Amino acid sequence: MFETYNSSNKTILVIVFTVLFVMTFRYLFKLIEMAYVMKYKKPFYNHLYLFKRKLNDSQKSILINNFFFYNNLNQSNKIFFEHRVASFIKDKYFLGREGLEVTEEMKVLISATAVMLTFGFRDFYIGLLSKIVIYPEAFYSRINDDYHKGEFNPKMKTLVLSWKDFKEGYDIENDNLNLGIHEFTHAIHLNSMKERDISSSIFNDTFKELSKKLSKNESLRNTLINSDYFRKYAYTNQFEFLAVAIESFIETPKEFKGEFPEIYTLIKQMLNFNVSGY
């Protein structure tokens, strides 16, 4: 009886000390990572998985044949990219409208766009997004009683896309016009304002830094406006400027860096892009 009592006490002590150790370790790690983030403006790590999901041969073929970003990755990053695409597909609900049947191609390419933009993030799921609605082409929106090619509704946690226009965004890879990148940027941006994970904080803080730079530097603003690099829609508001800038960053990084190196550097920091070509 006494031995049983002692054994139970030892078990409880082991559990208590284990919990305290884990809590202390997590606290110290957060302190260390915060210091690292403040110095280097990036997470301590991005890719750390207990297990990795895999795409089937058909899904992988879709990436190989249609997604330039994936093909430019090294082998280890391709494995991480595939895991994230498979995880994103599993996490989101895809719904077709106006008789459109959602295909594997749609799921893979739309998910790959989100994964590409968040490849430098630790948390890549975009928590503010749970449903992706796909129309065959431009759709009527009640937001402003007009036809849209895409929109993000944070209250409904829904991203809506025209499949025709999404596909056209990848037909020409260097025209700085990509619907998927544009709309996912809005979703990531709004998500970063809501979430407090490391990657969201870096994204949101860097956006504030970019906005401050543009508001204070009149010469830079005038150069931007007079340049033909960004289309006029970029100057609608700060949100649209960021979405257009990231379209350009992804599709023509060399030209972007040459034209506006300061803005390019902040976008790269915002996305934590450390892959070939950027």
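Residues numbered from 1 in each chain as written. Predicted model: local features only at pLDDT ≥ 70, side-chain atom pairs only at ≥ 80, totals over all residues. Heavy atoms only, no water.

A. Geometry of helix α8 (residues 198-216). In a regular helix each residue adds 1.5 Å, so 19 residues correspond to 27 Å; α8 covers 27 Å between its end C-alpha atoms and thus fits that length. Turning to α8, its buried residues number three or more, namely Ile 198, Ser 199, Ser 200, Ser 201, Ile 202, Phe 203, Asn 204, Thr 206, Phe 207, Leu 210, Ser 211 and Leu 214. With a side-chain oxygen positioned 3.3 Å from the backbone nitrogen of Ser 199, the residue opening α8 is Asp 197. (Helix = DSSP H or I, 4+ residues; strand = E, 2+ residues; numbered from the N terminus. Expected span 1.5 Å × (residues − 1). Buried < 20%, exposed > 50% of the residue type's maximum accessible area, 1.4 Å probe, protein only. Polar contact = N/O pair within 3.5 Å; in protein donor to acceptor, adjacent residues only side chain to side chain.)

B. Geometry of the sheet that holds strand β5 (residues 150-153). Sheet architecture is open: 4 strands sit in the order β1-β2-β6-β5, paired in mixed fashion. Edge positions in the sheet fall to β1 (93-96) and β5, since each of these pairs with one other strand and no more. Strand-to-strand twist in this sheet, taken as the mean axis angle between neighbours without regard to direction, amounts to 15°. Pairing of strand β2 (residues 131-135) with strand β6 (residues 158-162) involves 5 bridges; the strand directions are parallel. Bridge pairing links Lys 131 to Thr 158 in β6. (Pairing = 2+ DSSP bridges. Axes fitted to C-alpha atoms, helices over the stretch in contact; angles between N-to-C directions.)

C. Quick peek at the nonpolar core. Core analysis: the largest hydrophobic core is formed by 70 residues, its most contacted members being Phe 69, Phe 81 and Ile 267. Of all the elements, helix α5 (residues 104-117) adds the most residues to this core, at 9 residues. Residues contacting Ile 267, with those up to four places away along its chain left out, are Leu 210, Leu 242, Ala 245, Ile 246, Phe 249 and Phe 256. In terms of nonpolar packing, the next biggest core, distinct from the first, is built from 5 residues, Leu 95, Tyr 135, Phe 139 and Val 160 among them. (Core = buried A, V, L, I, M, F, W, Y, C linked by side-chain atoms within 4.5 Å. Contact = heavy atoms within 4.5 Å.)

D. Here's a closer look at helix α7 (residues 179-194). Here α7 is 16 residues long and its end C-alpha atoms lie 23 Å apart, about the 22 Å a rise of 1.5 Å per residue gives. Within α7, 13 of the 16 residues are buried, which leaves the element mostly enclosed by the surrounding structure. Its side-chain oxygen at 3.1 Å from the backbone nitrogen of Gly 180, Asn 178 defines the N-terminal cap of α7.

E. Focus on the packing of aromatic side chains. According to the stated counting rule, one finds 30 aromatic pairs in the structure shown. Summarising the aromatic geometry, the rings of Phe 124 and Tyr 125 are spaced 4.4 Å apart at their centres and angled 25° between planes, so their arrangement reads as stacked. Overall, Phe 124 belongs to the buried group, its relative accessible area being 3%. Here the aromatic rings of Tyr 229 and Phe 256 are separated by 5.5 Å at their centres, their planes lie at 55°, and the arrangement is tilted. Highlighted residues: Tyr 229 in the loop between α9 (218-226) and α10 (238-251) and Phe 256 in helix α11 (residues 253-259), separated in sequence by 27 residues. By relative accessible area, Phe 256 is classed as buried at 0%. If you follow Lys 92 out to its NZ or CZ, it ends over the ring of Phe 88, 5.2 Å from the centre. Arg 122 extends its terminal NZ or CZ atom over the ring of Tyr 45, reaching a point 3.9 Å from the ring centre. (Phe/Tyr/Trp six-rings, centres within 6.5 Å; stacked < 30°, edge-to-face > 60°. Lys NZ or Arg CZ within 6 Å of the ring centre and 35° of its normal.)

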